[in-house]
Amino acid sequence: YYLKPNKDIFQKSLLVALAGIGLMALYFSYTKAGVLIFMLWLVIWTVGKRSLAPALLVIPIILAVNIYSDNKLSEEIELMYSREVTALTSEGSTVYGEDVTKRALAGRGFVWVQFLELYANAPLYQKVFGMGNPRAAHNDFLAILLMTGMVGLLLYTLLLINIGIRVARNYW
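Residues numbered from 1 in each chain as written. Predicted model: local features only at pLDDT ≥ 70, side-chain atom pairs only at ≥ 80, totals over all residues. Heavy atoms only, no water.

Within the protein, the regular secondary structure consists of 9 helices and 2 strands. For the protein, the succession of helices and strands along the chain, N to C, is α-α-α-α-α-β-β-α-α-α-α. Within the protein, the fraction of its 172 residues that count as buried is 22%. Residue pairs in contact within the protein that sit at least 24 positions apart in sequence constitute 30% of those at least 6 positions apart. For the protein, the accessible surface area stands at approximately 12,700 Å², while carbon and sulfur atoms represent 69% of it. (Helix = DSSP H or I, 4+ residues; strand = E, 2+ residues; numbered from the N terminus. Buried < 20%, exposed > 50% of the residue type's maximum accessible area, 1.4 Å probe, protein only. Contact = heavy atoms within 4.5 Å. Areas by Shrake-Rupley, 256 points an atom, 1.4 Å probe, with all protein chains shown as cover.)

A separate point is the packing of aromatic side chains. Tallied over the full model, the rule gives 1 aromatic pair. With 5.6 Å between their ring centres and 65° between their planes, Phe141 and Tyr156 make a pair best called edge-to-face. By relative accessible area, Phe141 is classed as partly exposed at 42%. According to the relative accessible area criterion, Tyr156 is partly exposed, its value standing at 22%. (Phe/Tyr/Trp six-rings, centres within 6.5 Å; stacked < 30°, edge-to-face > 60°.)

Relative to the helices and strands, Gly149 resides in helix α9 (residues 140–171). Using a relative accessible area of 0% as the deciding quantity, one classes Gly149 as buried. For Gly149, the residues in contact, after removing those within four places along its chain, are Gln126, Lys127, Val128, Phe129, Gly130 and Ile144.

Counting residues in each nonpolar core, the largest one holds 9 residues, listed as Phe115, Tyr119, Ala122, Met131, Ala137, Leu142, Ala143, Leu145 and Leu146. Of all elements in the fold, only α7 (108–120) and α9 reach the threshold of two or more residues within this core. The leading source of residues in this core is α9, at 4 residues. Look past the residues within four positions of Ala143 in its chain and what remains in contact with it is Arg135 and Ala137. (Core = buried A, V, L, I, M, F, W, Y, C linked by side-chain atoms within 4.5 Å.)

So, about a nonpolar patch on the surface. On the surface, Tyr125, Phe129, Val151, Leu154, Leu155, Leu158, Ile161 and Ile165 cluster together into a nonpolar patch covering about 830 Å² of accessible area. The biggest single contributor to the nonpolar patch is α9, with 6 residues. In this fold, Phe129 is placed in helix α8 (residues 124–129). (Patch = residues over 30% accessible without salt bridge, like charges linked within 9 Å, V, L, I, M, F, W, Y side chains within 5 Å. Salt bridge = Lys/Arg side-chain N within 4 Å of Asp/Glu carboxyl O.)

Quick look at the environment of Ala122 now. Inspection of the secondary structure puts Ala122 in the loop between α7 and α8. Residue contacts for Ala122: discarding those within four places in its chain leaves Lys127 and Met131.

Moving on, we get to the confidence of the model for the protein. With 70% of its residues at a pLDDT of at least 70, the protein reaches an overall mean of 75. Model confidence for the protein, summarised as mean pLDDT per element, is weakest for strand β1 (residues 94–95) at 54 and strongest for α8 at 92. (pLDDT = per-residue confidence, 0-100.)

Its place among the elements puts Ala55 in helix α3 (residues 53–68). Looking at Ala55, the relative accessible area reads 13%, which means it is buried. Excluding anything up to four places from it in sequence, Ala55 contacts Leu42, Thr46 and Pro60.

Okay, structure coming up:
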C-alpha cells in the first residue's frame, strides 16, 4: 500500500505516522529480526517500485538519527550482531571456553544441528512422513521436516511457491 496521488491527505498522514511509529518501535526494541526485516522491506519496496526513491528517502533519515544519537544506532547494531560476526570470522575459536558457533543466532545453529542429527538417525518411514511431535526448532522448514517429513516439507514449499507466484502476478 503506497502513498498514491489519489489518496486523501488524511490517509497519507496516517500512513506516514504509522511508518514513524513502526520505525520508533524498531529503534527501541533493537531486535535482530526487526532490523533484517526492515532492510529486506526497503529492498523489496525499492525493487517493486522500480525506483530508488524509497531508499533515498529512508536512508538519510536513518543516517540523521544515527548522527543525532551520536552514532548510538550504528554501535547498537554492531553490538547486536557481534556474536554472528565473531562466529563467521573465527574458525574454532572459543569465548569463555565455549565454541562461538554455538552462541551465534542465539544458539539456534547448535539446536538445528541436533535436530538434523535426530532426523538423520530416524527410520525411513519417519523421514518420509515425519515424527508427528512438534519441536521448537526456531526454523519453520526444519520443524515441518521433523513433524511431517519430506512429504509435508514438499507440500509446504509448494504452497509457499504458489503464494509467491500469485503475489508476484498481482503485484506486477
